[in-house]
2 protein chains.
Amino acid sequence: MTFELDAHIAVRSQGDGRYAADLDPGWVVGGGVNGGYLLALMGNALRASFPAKPDPLAVSAYYLSAASPGPATVAVDVRREGGSVGTASAELRQGDGADEQVRIAALATYGDLDRLGDDVGTTAEEPHLPPPDECVANTFAPREILELAPMMARFDMRFHPEHVGWAVGQPSGRGEIAAWFRLVDGREPDPVSLLMVVDALPPVTFDLGLMGWAPTLELTAHVRARPAPGWLKVRHATRNLAGGMFEEDCEVWDSAGRLVAQSRQLARQPRPHR
Amino acid sequence: MTFELDAHIAVRSQGDGRYAADLDPGWVVGGGVNGGYLLALMGNALRASFPAKPDPLAVSAYYLSAASPGPATVAVDVRREGGSVGTASAELRQGDGADEQVRIAALATYGDLDRLGDDVGTTAEEPHLPPPDECVANTFAPREILELAPMMARFDMRFHPEHVGWAVGQPSGRGEIAAWFRLVDGREPDPVSLLMVVDALPPVTFDLGLMGWAPTLELTAHVRARPAPGWLKVRHATRNLAGGMFEEDCEVWDSAGRLVAQSRQLARQPRPHR
């Protein structure tokens, strides 16, 4: 069986570092296609470019224009290969010839997480979440959220009950949203899927009462370990809104209690939702 | 008068997005040239490429090989211009012809911080530091540190007394180093110089007892406001060492108490210092 995500991020090599892809309409959110999904798709093309280095260690994406469902190309240019890591630039493009537009420009360093050693020293604390059954499922999201974000149908998310006040007009004001996360068809997490997971929750600005989607300018993700199967815990937080922008920090923890991915994005504050 | 930093990050346009530069030996650290200095130099070339967008908002740098003092080229390729922000790729290269090596591959989004509005909503807390005169000056650094890092002579740094135990073999183990920071010749901070400041302190792993320089794989900086003149407060912290790597988060606060820059880098843990 092919899981939905794998079908949606599939790429076909066309030689010379170019990969053809189809952006699936199931990942529409706000006025475009979800940035995390696009990053996982680019991550898949990058993985194909580094046969002996299957895992994204660091990926930085600059979002230049909103993507639409349909055909797209990922152009990968390996900038350094050899040793234990390799680095490439990648662009996601849509349109033909003179009308071709860059949607995302990215840089990435790939390696093999299994060969990095298993030393861990951490002071990071796993987010506290009640058991999934005591959390609020995304299927209870307000209709306007589900209409804005068809991609929510791909996810089984269970939100911390204290982090969903925004859904009933009572945001906490703390700037924090944490949830259990898994894909509805049982597809287990892997390093490439984590690139999607770090941008899957609603914008953390919902918890500040700023409803509406928040366009990402830049997102960098670090994958720190291969995730164990099962539920992930995902936590978004922001500490600083200034100049019409905010940073959104994301942590992803696996079922074994390891911090498997960290990301930070710089996004524009949403305009008030009408 | 030309301040030292401005002379050291000067670039000469050679047309077609290429800029010539000289990497100054005053920024040597460990086995290479300081990554923050190189980022500010690239930031200067990028600024020249965006005449109406003088300020770096987000810059991501992937460090591919160690640079040496001497001639270098910055190649800038504007990927999107127009609207309030512009995005470009940039590479720092050394060597000629077939021997040319990429030192750093970067992506950056530029804009005008003065046109972003002055709304601020923050829960971030300014680092607590005793007054500069009650802190430990970098001129007291152990000789081996000063020899490893000639760039320290560019800085007036005053370390929190509780964050310099590593200098006398007693690291705190917390993974935190905070200091006052300014340039010795009085050059005031600006958005481009902040790209240097985020990588100027010793690696935060010193505070974990891991002495030795820590090679950066990736560093992303966000400049969130134009800094006021005067002392900066710089704080480095890490929470997660795993697989031979750690993340180093940096915050820079200006004399007006604003969080003016944030960065995160993924670096390799230093090998034991012999």
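Since we're looking at a predicted model, the values are computed, not measured.

So, empty space enclosed by the protein
Step number 1: Summed over the entire model, instances satisfying the criterion amount to four cavities of 30 Å³ or more.
Step number 2: A volume near 80 Å³ is recorded for the largest cavity.
Step number 3: Within the residue set of the lining of the largest cavity, elements represented by two or more residues are strand 13 (216-223) and strand 17 (259-268) of chain A together with strand 13 (216-223) of chain B.
Step number 4: When residues of the lining of the largest cavity are assigned to their parent elements, the largest contribution, four residues, is made by strand 13 of chain A.
Step number 5: Per-class residue counts for the lining of the largest cavity are one nonpolar, six polar and four charged.

Quick notes on the interface of chain B and chain A
Step number 1: On the side of chain A, 53 residues touch chain B, which itself brings 53 residues to the contact.
Step number 2: Here chain B packs against chain A, burying approximately 4,500 Å² in sum over the two surfaces, 48% of which is carbon and sulfur.
Step number 3: Broken down residue by residue, the surface that chain B buries against chain A is led by B:Y62, B:R224 and B:R239, which jointly contribute 17%.
Step number 4: Between the two partners, chain B and chain A, sit six salt bridges.
Step number 5: A:E247 is the salt-bridge partner of B:R224, the closest N and O atoms lying 3.4 Å from each other.
Step number 6: On inspection of chain B and its partner chain A, the count reaches 41 residue pairs in polar contact (both at pLDDT 80 or more).

Focus on the UniProt feature "domain: Acyl-CoA thioesterase-like N-terminal HotDog" (unreviewed entry) in chain A
Step number 1: Residues annotated in UniProt with the feature "domain: Acyl-CoA thioesterase-like N-terminal HotDog" (unreviewed entry) correspond here to residues 24-111 of chain A.
Step number 2: Span residues 24-111 of chain A is 17% helix and 50% strand, its end C-alpha atoms 28 Å apart.

Quick word on the UniProt feature "domain: Acyl-CoA thioesterase-like C-terminal" (unreviewed entry) in chain A
Step number 1: Look at the UniProt record and you will see "domain: Acyl-CoA thioesterase-like C-terminal" (unreviewed entry) annotated at residues 132-267 of chain A.
Step number 2: Secondary structure across residues 132-267 of chain A comprises 10% helix and 37% strand; the distance between its end C-alpha atoms is 29 Å.

What counts, and where the lines are drawn
- All residue numbers here refer to positions counted from 1 along the written sequence of the relevant chain.
- Each chain gets a letter, beginning with A, and each ligand a number, beginning with 1, in the order they are written.
- Only residues with pLDDT of at least 70 are given local features in this predicted model, and only at 80 or more are side-chain atom pairs given and counted; all residues enter the totals for whole chains, interfaces and linings.
- In computing side-chain values, all of the structure's heavy atoms are included and hydrogens and water are not.
- Points on a 1 Å grid, built from protein atoms alone, make a cavity when a 1.4 Å probe fits but cannot get out and make a pocket when they are open with protein on both sides within 12 Å along at least 5 of 7 lines; residues with an atom within 4 Å of a point are the lining residues.
- Grid points are joined across faces, edges and corners, and a volume is the space filled by probe spheres set on the points.
- Put simply, DSSP marks the helices as runs of H or I at least four residues long and the strands as runs of E at least two long, and each gets a number from the N terminus on.
- Under the scheme applied, nonpolar residues are Ala, Val, Leu, Ile, Met, Phe, Trp, Tyr, Cys and Pro; charged residues are Asp, Glu, Lys and Arg; polar residues are all the others, including Gly.
- Here, residues are in contact when the closest pair of their heavy atoms is within 4.5 Å.
- Joining two parts hides part of their accessible area as seen by a 1.4 Å probe, and the buried area is that hidden amount summed over both.
- By definition, a salt bridge exists where a carboxyl oxygen of Asp or Glu is found within 4 Å of a side-chain nitrogen of Lys or Arg.
- For the purposes of these results, a polar contact is taken to be a pair of N or O atoms within 3.5 Å, where, inside protein, one atom must be able to donate a hydrogen and its partner to accept one; residues adjacent in sequence count only when each atom of the pair is a side-chain atom.
- UniProt positions are given in the numbering used here, feature names are shortened, and annotations may be inferred rather than shown by experiment.

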